[in-house]
Amino acid sequence: MDFALTQEHELIRESAYKFGQNEILPGLRERDREAISDRTMLDKMGAAGMLGIAIPAKYGGSDTDYISLGIACEELERADTSARVVMSVHSGLHCLTLLQWGTEEQKQRWLPDLAKGTRVGAFALTEPNVGSDAANIKTMAVRDGDSYVINGSKTWISLADYADQFLVITRLGPDPDPSHAAPKAPYAAFIVDRSTAGFSSRPLHGKLGVRAGNTGELFFENMRVSADRLLGQEGDGFKIAMSALDHGRFTVASGSVGIITACLDACVKYANDRTVGGEPIGKKQLVQQMIASMVQGREIGRMLYYRVGWMKNTGLRHTKECSLAKWTNCAAAFDAANKAVEIHGAYGFIDEFPVERYFRNSRGAMIYEGTHEIHTLMQAEYELGYRSDKPLAHTLPTYPFA
Ligand code: CAA
């Protein structure tokens, strides 16, 4: 067992940290306050090479491993959740799922532009009436000759107004051509361009957190998509959605560690500066207890997500371990942010200090990519033997990439 990070990991940590300091934090308080999501941030992330992390060089990526993606997410979320969300939907949910399920032709067609950041990808599963119950989606694709006609809508889609292409999960409608065999499961996954006729998007406003990030709704009205945009086979849609979540949850788990680190950054400074009774509040044992608990969350969180990254590198199924990391780290981040507000007192209740933003942002991660309750149930069901953990037929390419 080797716990050492490589020099490459350390370089990625440093460059993602600097990106956060130089590109994300300036002006962030105003963007967060006014709910302004800056589209140019995507271009900057692309230019800095962030969007090609964990993509093989043969598809135009940086050829770095999956642990690197987690480290980048950790450092980006240390600055702001909105930047980590870009990595979650573009790199995790979209690119890695394409890498896992795409044909060679599909990977050559889309990954090089995605890796450069000249195109941005997103993921569309959730619908107005379907969140946790992912198998009950209503958006419908009906085969019509060499294409599919898609009708329906999606909501809570990160980068809805900015992404160039979406991984859209649909139900499969009845095929009017009797010569086509019925799919064994009624779901499909498509790579859909924003420019497709019948596609539209609309932003959501009034979010509790991640206010500097774009979130919206998608609408598909008789949207015709050619059959070469089908990912996997007809019937693979649910498995593709679940494996996308294996990647997205990994980025949320690692990003959550970044929130804990940001809480520690702010609290260590504040606890040393602020005095009560002639001494820094850091000398007070109740404050020390809260700091120690944050350190515990950060260290356990790192071990959990490093393990998932290692499992991705080695091609092992990691649905269970990833759910555990996401569940544990999101709760630890929210707890750390709550404690950070506590340590800051009244200054934790105003955006003059960053901790109220950590508090609002960390709450969201306990809802998206599987609620706290879904992950609680998954962990119990694995332990009780009610949930299968058998190896998957489709895995990511192992690292080092061939
Ligand atoms: N990879 C590949 N295949 C998988 C898989 C995975 N990770 N997980 C399950 N499968 C396969 C199973 O092997 C099974 O296939 P077989 O029938 O061939 O064995 C099939 O899929 C069905 O699996 P399950 O029986 O486990 O499915 P389930 O119905 O029990 O799943 C659930 C229930 C785990 C709660 C699932 O519905 C779930 O995860 N729900 C939460 C959805 C979610 O996280 N939504 C978040 C939306 S995305 C978002 O928030 C992103 C954003 O924009 C910010």
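Residues numbered from 1 in each chain as written. Predicted model: local features only at pLDDT ≥ 70, side-chain atom pairs only at ≥ 80, totals over all residues. Heavy atoms only, no water.

The next subject is the pairing of strand 2 (residues 140-144). Burial along strand 2 is one-sided: the face carrying Ala141 and Arg143 is buried and the face carrying Met140, Val142 and Asp144 is not. Where strand 2 and strand 3 (residues 147-158) come together, five bridges link them in antiparallel fashion. Directly across from Ala141, in strand 3, lies its bridge partner Ile150. Taking the residues that link successive antiparallel strands as the turn, the strand 2-strand 3 hairpin has two residues, and the phi of Gly145 there is positive, at about 65°. Across two bridges, strand 2 lies against strand 4 (residues 165-172) in parallel orientation. Across the sheet, residue Ala141 finds its bridge partner in strand 4, namely Leu172. (Buried < 20%, exposed > 50% of the residue type's maximum accessible area, 1.4 Å probe, protein only. Helix = DSSP H or I, 4+ residues; strand = E, 2+ residues; numbered from the N terminus. Pairing = 2+ DSSP bridges.)

Turning our eyes to something else, we now look at the packing of helix 7 (residues 237-273) against helix 9 (residues 319-344). Orientation of helix 7 relative to helix 9, taken along the N-to-C sense of each, is 20°, at an axis distance of 8 Å. With respect to helix 9, the axis of helix 7 lies roughly parallel. Crossing handedness for the pair helix 7 and helix 9: left-handed. Its residues assigned to classes, the contact of helix 7 with helix 9 comprises 19 nonpolar, four polar and three charged. (Axes fitted to C-alpha atoms, helices over the stretch in contact; angles between N-to-C directions. Parallel < 35°, antiparallel > 145°, perpendicular 65-115°, else oblique. Left-handed = near helix turned anticlockwise from the far one by under 90°. Nonpolar A, V, L, I, M, F, W, Y, C, P; charged D, E, K, R; others polar.)

A few words now on the domain arrangement of the chain. Reports often express the size of an interface as the amount of accessible area lost when the parts come together. Partitioning the chain into domains gives domain 1 (7-119), domain 2 (124-237) and domain 3 (241-384). Across the contact, nine residues belong to domain 2 and eight residues belong to domain 3. For the pair domain 2 and domain 3, the summed buried surface comes to about 670 Å²; carbon and sulfur atoms form 67% of the total. Put simply, domain 2 and domain 3 have zero salt bridges between them. (Domains from an automatic or database assignment. Contact = heavy atoms within 4.5 Å. Buried area = accessible area lost by both parts, 1.4 Å probe. Salt bridge = Lys/Arg side-chain N within 4 Å of Asp/Glu carboxyl O.)

A few words now on the site of the ligand. As a structural note, the neighbourhood of the ligand is formed by 24 residues, with Ser132, Asp246, Arg249, Gly370 and Arg387 the closest of them. One nitrogen or oxygen atom from the side chain of Arg249 is found 2.8 Å from an oxygen atom belonging to the ligand. Within the side chain of Arg387, an N or O atom sits 2.7 Å from an oxygen atom of the ligand. Burial of the ligand by the protein chains amounts to 75% of its free accessible area of 1,100 Å². Going through the elements one at a time, strand 3 and helix 7 are the ones with two or more residues in the shell around the ligand. For the shell around the ligand, the per-class residue count stands at 10 nonpolar, seven polar and seven charged. Mapped onto the domain boundaries, the shell around the ligand takes at least three residues apiece from domain 2 (124-237) and domain 3 (241-384). (Near = heavy atom within 4 Å. Polar contact = N/O pair within 3.5 Å; in protein donor to acceptor, adjacent residues only side chain to side chain. Areas by Shrake-Rupley, 256 points an atom, 1.4 Å probe, with all protein chains shown as cover.)

What follows concerns the pattern of salt bridges. Under the defined criterion, the tally for this structure stands at 29 salt bridges. A salt bridge links Asp351 to Arg33; its shortest N-O distance comes to 2.7 Å. Here the residue Asp351 occupies a position in the loop between helix 9 and helix 10 (355-364), and Arg33 occupies one in helix 2 (residues 28-34), the gap between them amounting to 318 residues. The class for Arg33 is partly exposed, based on a relative accessible area of 44%. Here Glu356 and Arg360 are joined by a salt bridge, their closest N and O atoms 2.9 Å apart. In this pair, Glu356 and Arg360 are both assigned in helix 10, four residues apart and thus about one turn of the helix distant. Residue classification places Glu356 among the buried positions, given a relative accessible area of 16%. Its relative accessible area of 10% is what places Arg360 among the buried residues. Overlapping salt bridges bring together Arg13, Glu74, Glu75, Arg78, Asp265, Arg298, Glu299 and Arg302 as one network.

Our focus in this paragraph is the environment of Phe334. Assignment of secondary structure puts Phe334 in helix 9. Residue contacts for Phe334: discarding those within four places in its chain leaves Phe359, Ser362, Arg363 and Met366.

Now for the side chain of Thr261. Among the structural elements, Thr261 can be located in helix 7. The residues touching Thr261, leaving out its near neighbours within four places in the chain, are Glu74, Arg78, Arg298 and Arg302.

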